[in-house]
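# Chain and residue survey
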Amino acid sequence: MNDAGVIGRVTMKKFLIILLVLAACIFCFFMFMNNGKKEYATDTVQISDISSSITIKGTVRGRDERKVYSDSPNTILSISVKEGETVRKGQILAVLDIEKLEQQYEIACIDYENAKRNYDNMTALFESGSVPADSLENAKNTLDKAELVCRSYDIENAGEIISPIDGVVTKINCSEGGYASVSLLQQPAFVIEDQSGYILKADVKEKHVPSVYVGQDAEITSEAMGNITAFGKVTEIAPSGKVDQKTGSVVVPVTVEFDALQEKWMTGISGKAKLVLTAKDALTVPMDAVLENSDETCVYVLNKDKSIRKAAIETGINDGVRIQVVSGELEKNDTVIMNPGIYDSDL
C-alpha cells in the first residue's frame, strides 16, 4: 500500500472525528440555551363549535300502552280478539260469566233494603222515646255499610272487558274458562298498544346530557327492521338521573318518539337512536393532549416560564380531533402538551 492511501485514510478519520465533536458541541450549546429543558410537541386551548354523534339503545314500544284488567274476577266465557289484531276504543275483548255476580248483587240489594227499613223503624222508635240514641246510631252504620256494598257492584260493565284505546293487541294473558285478572299484582288480561306512532326509551350518559334537548332530531334503526331508518325527535328528558347497574355510572333516561311512515314497525324489539350533539363556543383541546386513567382525566399545561402543571378536566363531546372541556382549570390560549403519556414519568 502506498503512502498516499494511508495519509488519505488518516485524514478522513480525523475529519469524521472533528464532525462528531462539532455535533456534540452544538447539542450541548442548545441544551445550555434551553437550560436543560425538554422540547415538547404542543397545541393550544381554543374556543370553537364542536359536533359529534352518539348512539343510544333501548326498546321500541307503541306510542301508548294500556294494560287491561277486568272489573271483576269472573270466569271468561269467550275471547273476541287475537294477538296482533287491531281494535277500536270501546271494542269488546272478552265476555265474562256474571251469573254469580248478579246473584251476589241481588243479595246485597236485599240487605240494603232491609237495613233501610230497620233504620226507618229505629228512627220512629227513637223519636217516640222507645229506643236510645245508640240503637239509632247502630242502625245508621249498618245502613251505610249495606249501601257501600250495593254500590260497589258494577253490573252494567262487569260482563265485558273493553279496550280503552285504539290500538293493537300485543299480549293476551287469559284464556276461556279461566278467571279474569283484576289486580295490578297480576298479569293484565290484555295489553293494547297504540301503534300509530312509536317511542324508544334509552339512557344518555351524564356528560352528554347538556347537549341533548327536547325537539332534537334522531335517526332510529333496528336490526330486526333491516335497512329501514325512521326519523323522530327527543320528546322527553327525565328530571333526574339514575345509576346504571352494569357500569355504575350515572345516566339520564330520554324518550325518542317517531312515526313509521313507510313501514309498520314491530314493538318489543331493540332499537338504536342516533343523536347529533353540538356544543357552541366550547372550550376544546386536542384529543391527543388528553390523558385518561381510572382515577382522573387530565392534560399537562406548559406555562410561559417552561414549567409544567397538571390540570384535571371533565370532558364532553368530541369530533374525533378535538374534545370539549366541560370543567377544569384551563383557559383559552393555554398551551397543552401533546401525547403526554410519552413523557408521563418526566412530567
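Scroll up to find the structure this text is about.
Residues numbered from 1 in each chain as written. Predicted model: local features only at pLDDT ≥ 70, side-chain atom pairs only at ≥ 80, totals over all residues. Heavy atoms only, no water.

## Considerations on the overall build of the protein chain
Counting its secondary structure elements, the protein chain contains four helices and 18 strands. In the protein chain, which comprises 347 residues, the share counted as buried stands at 32%. Within the structure as shown, the protein chain displays about 21,800 Å² of accessible surface, and the carbon and sulfur contribution to it stands at 52%. (Helix = DSSP H or I, 4+ residues; strand = E, 2+ residues; numbered from the N terminus. Buried < 20%, exposed > 50% of the residue type's maximum accessible area, 1.4 Å probe, protein only. Areas by Shrake-Rupley, 256 points an atom, 1.4 Å probe, with all protein chains shown as cover.)

## Thoughts on the packing of helix α2 (residues 99-127) against helix α3 (residues 133-151)
For the pair α2 and α3, the least separation of the axes is 8 Å and the interaxial angle reads 160 degrees. Of the possible angle classes, the one that applies to α2 and α3 is roughly antiparallel. In this structure, α2 meets α3 at a crossing whose hand is left-handed. Of the residues in α3, those touching α2 at Y105, A108, C109, D111, Y112, A115, K116, N118, Y119, M122, T123 and F126 are A133, S135, L136, A139, K140, T142, L143, A146, E147, V149 and C150. Considered class by class, the residues forming the contact of α2 with α3 number 15 nonpolar, four polar and four charged. (Axes fitted to C-alpha atoms, helices over the stretch in contact; angles between N-to-C directions. Parallel < 35°, antiparallel > 145°, perpendicular 65-115°, else oblique. Left-handed = near helix turned anticlockwise from the far one by under 90°. Contact = heavy atoms within 4.5 Å. Nonpolar A, V, L, I, M, F, W, Y, C, P; charged D, E, K, R; others polar.)

## Details of the side chain of Q195
Residue placement: Q195 occurs in strand β8 (residues 190-205). Accessibility expressed as a relative area gives 16% for Q195, which makes it buried. A polar atom in the side chain of Q195 sits 3.5 Å from the side chain of T267. Contacts of Q195, omitting those with residues within four sequence positions, involve V168, T170, K264, W265 and T267. (Polar contact = N/O pair within 3.5 Å; in protein donor to acceptor, adjacent residues only side chain to side chain.)

## Points about the pairing of strand β13 (residues 270-286)
The pairing of strand β2 (residues 46-68) with β13 spans 13 bridges and is antiparallel. Residue I54 lies in a different strand from β13, and its bridge partner there is L275. By the bridge criterion, four bridges tie strand β9 (residues 217-221) to β13 in an arrangement that is antiparallel. Bridging across to β13, E219 finds its partner in K274. (Pairing = 2+ DSSP bridges.)

## Notes on the environment of F231
With respect to the helices and strands, F231 occurs in strand β10 (residues 230-237). We classify F231 as exposed; its relative accessible area is 57%. Placed 12 residues apart in sequence, F231 and E219 show a C-alpha to C-alpha distance of 4.8 Å.

## Remarks on the packing of aromatic side chains
Counted by the stated rule, this structure contains two aromatic pairs. Between the aromatic rings of Y198 and F258, the centroid separation amounts to 5.6 Å while the plane-to-plane angle is 25 degrees, which identifies the pairing as stacked. Of this pair, Y198 sits in strand β8 while F258 is found in strand β12 (residues 250-258), placing the two residues 60 residues apart along the sequence. F258 shares its class with Y198; the two are buried. Taking 5.1 Å as the distance between ring centres and 70 degrees as the angle between the ring planes, the aromatic pair formed by F258 and W265 counts as edge-to-face. Since its relative accessible area comes to 1%, F258 is described here as buried. An aromatic cluster of three or more residues is present, and its members are Y198, F258 and W265. (Phe/Tyr/Trp six-rings, centres within 6.5 Å; stacked < 30°, edge-to-face > 60°.)

## Some words on the pattern of salt bridges
Going through the model one piece at a time under the given rule, you end up with 12 salt bridges. Between R151 and E147 there is a salt bridge, with its nearest N and O atoms 2.9 Å apart. On the criterion of helical spacing, the pair formed by R151 and E147 is a turn pair, its members being four residues apart in helix α3. As a salt-bridge pair, D217 and K233 come within 2.5 Å of each other at their nearest N and O atoms. (Salt bridge = Lys/Arg side-chain N within 4 Å of Asp/Glu carboxyl O.)

## Here's the deal with unusual backbone geometry
A positive phi angle, near 75 degrees, is found at N333, a position not held by glycine. Structurally, N333 can be placed in the loop between β17 (322-328) and β18 (335-337). Among the residues examined, N333 registers a relative accessible area of 54% and is labelled exposed. Positive phi outside glycine occurs at N339, with the angle close to 45 degrees. Mapped onto the elements of the fold, N339 is located in the segment after β18. For N339, a relative accessible area of 36% corresponds to the partly exposed category.

## A word on the environment of K116
Within the fold, K116 resides in helix α2. Judged by relative accessible area, K116 falls into the partly exposed class, the value being 33%. Between the C-alpha atoms of K116 and T142, which are 26 residues apart in sequence, the distance is 8.7 Å.

## Quick notes on α3
The end-to-end C-alpha separation of α3 is 27 Å, in line with the 27 Å expected for 19 residues at 1.5 Å each. Looking at α3, one finds that the buried residues are L136, A139, L143, A146 and C150. In an axial view of α3, the angular spread of the buried residues amounts to 90 degrees, which keeps them on one side of the axis. Set apart from the buried face of α3 by more than 90 degrees, the exposed residues are D134, K145 and L148. Looking at the buried residues of α3, the elements they touch are α2. (Expected span 1.5 Å × (residues − 1). Arc of directions from axis to C-beta.)

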